Amino acid sequence: MRVVLNQVSFVYDKTVPALTDISFSAEDGETLCIAGANGSGKSTLLELIASAVRPGGGELYIEGSTGMVFQDVDNQLFMPTVWEDVAFGVLKRGITAPAAREAALAALRLVDAEALADRAPWKLSGGEKQRAALASVLVMKPDVLLLDEPTASLDPASRRAIIALLKNISGTKIIATHDLDMILDIADRVLLLYRGKIAAVCPAPGLLRDGDFLRSIGLDLPLTLQPRNG
């Protein structure tokens, strides 16, 4: 499903510009990654697309529904067991408890986490929490999947596993991330933000190979493209 933004802006507390004149589209089935230094507006942009906040100006068009996995997945896991967390949204839609459990287990299977169903969320590892939070969004069958820093704070094995999962999830995905190496692995295109404005939108890897440009917007080359000493 498509997402289109035309000259969208957002201002915090009516005084602090966070995003200015943001125009781009994400096409049906595309994986679009948003990268930028801290404070560049990545999370705010995702929140706008998720309708968590309202734009201060411009036009925002979303075809279909959205579902968002937050950077701090602990904010999405609050029930006694994982399956209850995953089932929470569909239960609110009025389906029966047995049907909700079946839907939750099916979503957990999608992320290879059915074995976590009866575990307490607060006892999970970082990678397991990320899978549970992802299942809690996928169970709602969103047309556009939004993820904020899905590999942040994960160990290398968990990071690789999450990237592999995201590759296998079909549909339109918009991912905000500092992980430029993940972008090389997963993205069709990358949108680069700098101080609340679009610095570039290009195919991946595109400008991710341009160290001078990346440094000019507060980033650096992906680790896999950095020169090796010795």
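Residues numbered from 1 in each chain as written. Predicted model: local features only at pLDDT ≥ 70, side-chain atom pairs only at ≥ 80, totals over all residues. Heavy atoms only, no water.

1. Brief notes about the pattern of salt bridges
To keep it simple, the criterion reads: We define a salt bridge as a contact between a side-chain nitrogen of Lys or Arg and a carboxyl oxygen of Asp or Glu at a distance within 4 Å. Working definition: helices are DSSP H or I runs of at least four residues, strands are E runs of at least two. Numbering for both runs from the N terminus.
Enumeration according to the criterion identifies 9 salt bridges in this entry. A salt bridge links Glu27 to Arg2; its shortest N-O distance comes to 2.9 Å. Placement of Glu27 in the loop between strand S2 (16–26) and strand S3 (31–35) and of Arg2 in the segment before strand S1 (3–12) is noted, with a sequence separation of 25 residues between them. Put simply, Arg101 and Asp118 hold a salt bridge, and the shortest N to O gap is 3.7 Å. Highlighted residues: Arg101 in helix H3 (residues 97–110) and Asp118 in the loop between H3 and helix H4 (126–138), separated in sequence by 17 residues. A single network of salt bridges, built from pairs that share partners, joins Asp212, Arg215 and Asp220.

2. Some points on unusual backbone geometry
Cis peptide bonds are those with omega within 30 degrees of zero, and the linkage from Ala204 to Pro205 qualifies with 10°. In this structure, Pro205 sits in the loop between strand S9 (197–203) and helix H7 (211–216). With a phi angle near 55°, Gln7 is a residue other than glycine that sits in the positive phi range. One can find Gln7 in strand S1. One non-glycine residue, Lys141, lies in the positive phi region at around 55°.

3. Here's the deal with the packing of helix H2 (residues 82–92) against H3
Using the following cut-off: Axis angles are defined between N-to-C directions and span 0 to 180 degrees, where every axis is a line fitted to C-alpha atoms and, for a helix, only to the segment in contact. By definition, turning the near helix anticlockwise from the far helix through less than a right angle yields a left-handed crossing, and turning it clockwise yields a right-handed one. The contact criterion used throughout is that any non-hydrogen atoms of two residues lie within 4.5 Å. Ten residues, namely Ala, Val, Leu, Ile, Met, Phe, Trp, Tyr, Cys and Pro, are considered nonpolar, four, namely Asp, Glu, Lys and Arg, are considered charged, and the remaining ones, Gly among them, are considered polar.
Following both chains from N to C, one finds H2 and H3 inclined at 115°, their axes separated by 8 Å at the closest point. Between H2 and H3 lies a crossing whose hand is right-handed. Together, Val82, Trp83, Val86, Ala87, Val90 and Leu91 of H2 and Ala97, Ala100, Arg101, Ala104, Ala107 and Leu108 of H3 make up the contact between the two elements. Looking at the contact of H2 with H3, its residues break down into 11 nonpolar, no polar and 1 charged.

4. Overview of the environment of Glu84
This is how it is decided: Throughout, exposure labels follow a simple rule: accessible area from a 1.4 Å probe, protein chains only, divided by the maximum for the residue type, with under 20% read as buried, over 50% as exposed, and the rest as partly exposed. In protein, a polar contact requires one atom able to donate a hydrogen and another able to accept it; more generally it is a pair of N or O atoms within 3.5 Å, and residues adjacent in sequence count only if both atoms are side-chain atoms.
One can find Glu84 in helix H2. In this structure Glu84 comes out as partly exposed when scored by relative accessible area, which is 23%. In this structure the side chain of Glu84 is engaged in a polar contact, spanning 2.7 Å, whose partner is the side chain of Thr81.

5. Observations regarding the nonpolar core
As a reminder of what qualifies: Among the buried residues, those of types Ala, Val, Leu, Ile, Met, Phe, Trp, Tyr and Cys that are joined through side-chain atoms within 4.5 Å form a nonpolar core.
Residues Val86, Leu108, Leu134, Leu166, Ile183 and Leu192 are the most contacted members of the largest nonpolar core, which totals 50 residues. Per-element tally for this core: the top contributor is H4, with 6 residues. Excluding residues within four positions of it along the chain, Leu108 makes contact with Val82, Trp83, Val86, Ala113, Glu114, Ala117 and Ala135. Judged by nonpolar contacts, the second largest core, of 22 residues, contains Ile22, Leu32, Met68 and Val144.

6. Let's talk about the packing of aromatic side chains
The condition that has to hold: Within 6.5 Å between ring centres, the rings of Phe, Tyr and Trp (the latter by its six-membered ring) count as paired, and their orientation is classed by plane angle as stacked under 30 degrees, edge-to-face over 60, tilted in between.
Counting across every chain of the model gives 2 aromatic pairs. Relative to Tyr12, the ring of Phe10 lies with its centre 4.9 Å away and its plane at 90°, an arrangement referred to as edge-to-face. Considering the side-chain rings of Phe78 and Phe88, the 5.1 Å spacing of their centres and the 85° angle between planes classify their relative orientation as edge-to-face. Remark: Phe88 occurs in helix H2 and Phe78 occurs in the loop between strand S5 (66–69) and H2; sequence separation between them is 10 residues. Residue Phe88 is classed as partly exposed on the basis of its relative accessible area of 33%.

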